[in-house]
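# Per-entry structural report
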Amino acid sequence: MLPLCADQGVGVISWSPLARGTLARAGQSGEGTARSGSDGRIDYLYDPDNDALILDRVAEVARERRLPAAQVALAWLLGQPGVTAPIVGATKDRHIDDAVAAVSVALTDKERDYLAEPYRAREVRF
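Thresholds, definitions, all that
Residues numbered from 1 in each chain as written. Predicted model: local features only at pLDDT ≥ 70, side-chain atom pairs only at ≥ 80, totals over all residues. Heavy atoms only, no water. Helix = DSSP H or I, 4+ residues; strand = E, 2+ residues; numbered from the N terminus. Contact = heavy atoms within 4.5 Å. Salt bridge = Lys/Arg side-chain N within 4 Å of Asp/Glu carboxyl O. Buried < 20%, exposed > 50% of the residue type's maximum accessible area, 1.4 Å probe, protein only. Axes fitted to C-alpha atoms, helices over the stretch in contact; angles between N-to-C directions. Parallel < 35°, antiparallel > 145°, perpendicular 65-115°, else oblique. Left-handed = near helix turned anticlockwise from the far one by under 90°. Nonpolar A, V, L, I, M, F, W, Y, C, P; charged D, E, K, R; others polar.

It is worth spelling out the side chain of Ser 14 at this point. With respect to the secondary-structure elements, Ser 14 resides in strand β1 (residues 12-15). Filtering out sequence-adjacent residues up to four positions away, Ser 14 remains in contact with Leu 77, Val 83, Ala 85, Pro 86 and Ile 87.

Attention shifts here to the pattern of salt bridges. Applying the stated criterion to the full structure yields 3 salt bridges. Linking Arg 57 and Glu 117 is a salt bridge whose minimum nitrogen-to-oxygen distance equals 3.1 Å. Separated by 60 residues along the polypeptide, Arg 57 in helix α4 (residues 48-65) and Glu 117 in the segment after α7 (109-116) bring together distant segments of the chain.

Let us now look at the environment of Trp 15. Structurally, the position occupied by Trp 15 is in strand β1. Here Trp 15 falls in the partly exposed class, since its relative accessible area comes to 47%. Separated by 71 residues in the primary sequence, Trp 15 and Pro 86 have C-alpha atoms spaced 6.4 Å apart.

With that out of the way, let us pick up the packing of helix α5 (residues 69-78) against helix α6 (residues 93-102). Running from N to C, α5 and α6 cross one another at 45°; their axes reach a closest spacing of 8 Å. Classed by the angle they form, the pair α5 and α6 counts as oblique. The element α5 and its partner α6 pack so that their crossing is right-handed. On α6, the residues that touch Ala 70, Gln 71, Leu 74, Ala 75 and Leu 78 of α5 are Asp 98, Ala 99, Ala 101 and Ala 102. A breakdown of the residues in the contact of α5 with α6 according to their chemical character gives 7 nonpolar, 1 polar and 1 charged.

Set out below in structure tokens:
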């Protein structure tokens, strides 16, 4: 959708840019977030097989950069043409800190491509 929106001049405010906190916890062991465990939409929003590779890559770039995974994931999103802002759900002060810090994280083209490569578009649902 992002290329279409950019082509048509439509700004995007991304909903759940950290995949219900899952991207913020990339590389950490344990179960998903409280939100991911209680949301009935999880089954059709996420593909555990494909998403594991994405999470591994976010964690890898975060380790290499010595940054929280949330900052890497949000920096990737903010670097996409047409993205105006993310809607970040914050329940802790550090969530706001990571969101603000992500604005200053400049990923390389190689990092952006590496993070995006395993993504597979999902069916649009309403």
